[in-house]
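Results of the structural survey
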Amino acid sequence: MPKERLSVVVTRRLPAEVETRLSELFDVRLRDSDAAMSRAEIVEAMKSADVLVPTITDTVDAAMIGQAGDRLKLIANYGAGVDNIDVSTARQRGILVSNTPGVLTDDTADMTMALILAVTRRIPEGMAAMQGDDWDGWAPNAFLGGRVGGRRLGILGMGRIGQAVARRAAAFGMQVHYHNRRRLRPEIEQELDASYWESLDQMVARMDVLSINCPHTPSTFHLMNARRLKLMKPEAVIVNTSRGEVLDENALTRMLRAGELAAAGLDVYEHGTKVNPRLRELPNVVLLPHMGSATRESRVEMGEKVIINIKTFDDGHRPPDQVVPSML
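Summary of the structure given here. (Residues numbered from 1 in each chain as written. Predicted model: local features only at pLDDT ≥ 70, side-chain atom pairs only at ≥ 80, totals over all residues. Heavy atoms only, no water.)

Some words on the overall build of the protein
Here is the rule: Each helix is a run of H or I in the DSSP string that is no shorter than four residues. Each strand is a run of E no shorter than two, and both are numbered from the N terminus. In this description the radius of gyration comes from C-alpha coordinates, and the expected globular size is given by 2.2 Å times residues to the power 0.38. Only protein chains enter the accessibility calculation, which uses a 1.4 Å probe; a residue whose area is less than 20% of its type maximum is buried, one above 50% is exposed, and one in between is partly exposed. Surface accessibility in these figures is a Shrake-Rupley result with a 1.4 Å probe; residues are shielded only by whichever protein chains are displayed. Positive charges are assigned to Lys and Arg, negative charges to Asp and Glu, while His and the chain termini are left out of the count. Lysine's charge is taken at NZ, arginine's at CZ, aspartate's at CG and glutamate's at CD.
Secondary structure assignment for the protein yields 13 helices and 12 strands. A globule of 328 residues ought to have a C-alpha radius of gyration of about 20 Å, and the protein, at 22 Å, matches this closely. Along the three orthogonal principal directions, the C-alpha set of the protein runs to about 80 × 50 × 35 Å. Looking at the 328 residues of the protein, the share that counts as buried comes to 51%. Surface summary for the protein: the accessible area is close to 16200 Å², and the carbon and sulfur share equals 51%. When the 41 positive and 43 negative side-chain charges of the protein are each reduced to one mean point, those points stand 4 Å apart.

So, in structure tokens, the structure goes:
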């Protein structure tokens, strides 16, 4: 007798080839539109499905997991981060959690370098002048930015993405420094030509550019708070392609407006889509709509990871990208 197919609910539209493959393998319920599911809709899905496939913008908290049905055995997150899911509560309920690490690394690192170049070379200001027909020709003192070569880059969080940023920055002639929860192995430090700082305070005070590449956890919330931001040099630049909650957005905005920081490039925000309106008014700020991993290749590879995690679970094995609380 053929085995009953797993019931899988997907909360958002995924690339067509990913949805097709999910439909071939599982009893899958896909979204008709790209609108996010409501909290109530996710809870209803969790009551009747074997597997939930949320995205990083879908909150799956303890209260919601508490209402899940007995069938739910896997939350296969479509995203590398899992701060949207209460992993500890899921584990207590016997529900596994998986994610999609690794496939976002290069694309996010590329976007980090793009933001560093954009804010240091004033690219958006140049674009605005051209689009507004406000350019009279080349002039010696027009649109003067700063050279990235030779600048000190401090990387906050030296995981896969942080290391990929380090390699790219070295190619641009930047000096690489980093702070991490755990120091890298000597051979990796040597390969990256990266200098480790045990004290985050001491590192940020000496950097020309700070790149935030650490995950959001209770211990990293507002890791770059008002006090720490004030340690940075007035001519320093800060870039965040990780999680908005790591950076105190209000403090950052005040310092940028007061000229206490030179510029910022942000792809993520503390309150999701609710961006501080004062940030939008500043000419020395580049804002992007969470585009760090937004390549066709990345999105398809994320879907392939989700499928592998579900299929491995369905075959009676531990998903290769299972997340446990000790990893967070």
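There is more to say, and it comes next.
Some words on the pattern of salt bridges
Rules: Here, a salt bridge means any Lys or Arg side-chain nitrogen found within 4 Å of an Asp or Glu carboxyl oxygen.
Per the stated rule, a full pass over the model turns up 21 salt bridges. For Arg39, the salt bridge identified is with Asp61, shortest N-O distance 2.8 Å. In this pair, Arg39 sits in helix α2 (residues 39–48) while Asp61 sits in the loop between β3 (51–53) and α3 (62–66), placing the two residues 22 residues apart along the sequence. Looking at Arg39, the relative accessible area reads 45%, which means it is partly exposed.

Observations regarding the sheet that holds strand β5 (residues 96–98)
Filter applied, for reference: Here the rule is simple: two strands pair whenever DSSP picks up at least two bridges between them. Axes here refer to lines fitted to C-alpha atoms; in helices the fit is confined to the stretch in contact. Angles between the N-to-C directions go from 0 to 180 degrees.
Pairing is parallel in the open sheet, where 5 strands are placed in the order β2-β1-β3-β4-β5. The sheet is open, and its two edges are formed by β2 (27–29) and β5, each paired on a single side. Between one strand and the next, the sheet's axes are offset by a mean angle of 20 degrees, whatever the strand orientation. In terms of strand pairing, strand β1 (residues 7–10) meets β2 through 3 bridges, oriented parallel.

Things to note about the packing of aromatic side chains
How we decide: For this analysis, a ring pair means two rings from Phe, Tyr or Trp (six-membered ring only for Trp) whose centres lie within 6.5 Å, classed as stacked if their planes differ by under 30 degrees, edge-to-face if by over 60, and tilted for the remaining angles.
For the structure on display, the rule yields 1 aromatic pair. Between Tyr178 and Tyr196, the aromatic rings sit 5.2 Å apart at their centres with planes inclined by 50 degrees, giving tilted as the arrangement. Placement of Tyr178 in strand β7 (residues 175–179) and of Tyr196 in strand β8 (residues 194–196) is noted, with a sequence separation of 18 residues between them. Residue Tyr196 is classed as partly exposed on the basis of its relative accessible area of 22%.

What to know about the sheet that holds strand β10 (residues 237–240)
The strand order β8-β7-β6-β9-β10-β11-β12 describes an open sheet built from 7 strands, whose pairing is parallel. Since the sheet does not close on itself, it has two edges, and those belong to β8 and β12 (285–287), each with one partner. Between one strand axis and the next, the sheet turns by 20 degrees as a mean value, whatever way the strands run. Across 3 bridges, strand β11 (residues 263–266) lies against β12 in parallel orientation. If you follow Leu266 over to β12, its bridge partner there is Leu287.

Comments concerning the pairing of β10
Residues Val237 and Val239 line one face of β10 and the alternating positions Ile238 and Asn240 line the opposite face, and both faces are buried. When strand β9 (residues 209–212) meets β10, the two strands line up parallel, connected through 4 bridges. Paired with Ser211 across the strands is Val239, a residue of β10. Direction of pairing for β10 relative to β11: parallel, over a ladder of 4 bridges. Counted as the bridge partner of Ile238 is Ala264 from β11.

Comments concerning a nonpolar patch on the surface
The criterion, for reference: By definition, no residue in a patch forms a salt bridge, and every one has over 30% relative accessible area; like charges are joined within 9 Å, nonpolar side chains (Val, Leu, Ile, Met, Phe, Trp, Tyr) within 5 Å.
A grouping of Met130, Trp135, Trp138 and Phe143 is seen on the molecular surface, where their side chains present a nonpolar patch of about 540 Å² in accessible area. Mapped onto the fold, Trp135 is located in the loop between α6 (123–131) and β6 (152–156).

A short note on the side chain of Asp248
What counts here: Throughout, a contact is declared for two residues whenever any of their heavy atoms are within 4.5 Å.
As for its position among the elements, Asp248 is in the loop between β10 and α11 (249–258). Despite being buried, Asp248 has no salt bridge partner; Arg254 is the closest side chain of opposite charge, sitting 5.3 Å away. Here Asp248 is in contact with His222, Met224, Asn225, Ala226, Leu229 and Glu270, once residues within four sequence places are set aside.

Digging into the environment of Gln67
Put simply, the rule reads: Pairs of N or O atoms are called polar contacts if they sit within 3.5 Å, as long as, within protein, a hydrogen donor faces a hydrogen acceptor (for residues adjacent in sequence, only side-chain-to-side-chain pairs).
The residue Gln67 is located in the loop between α3 and β4 (74–76) in this model. Since its relative accessible area comes to 40%, Gln67 is described here as partly exposed. The spacing of Gln67 and Leu256 is 189 residues in sequence and 44 Å in space, taken between C-alpha atoms. When sequence neighbours within four positions are dropped, the list of residues in contact with Gln67 reads Val43, Lys47 and Arg93. Looking at Gln67, its side chain comes within polar contact range of the main-chain oxygen of Ala63, at 3.4 Å.

Description of the side chain of Asn84
Within the element layout of this structure, Asn84 appears in the loop between β4 and α4 (87–92). Exposure remark for Asn84: the relative accessible area of 8% places this residue in the buried category. Those residues in contact with Asn84, other than ones at most four positions away along the chain, are Thr55, Ile56, Asp58, Thr59, Val60 and Asn77.

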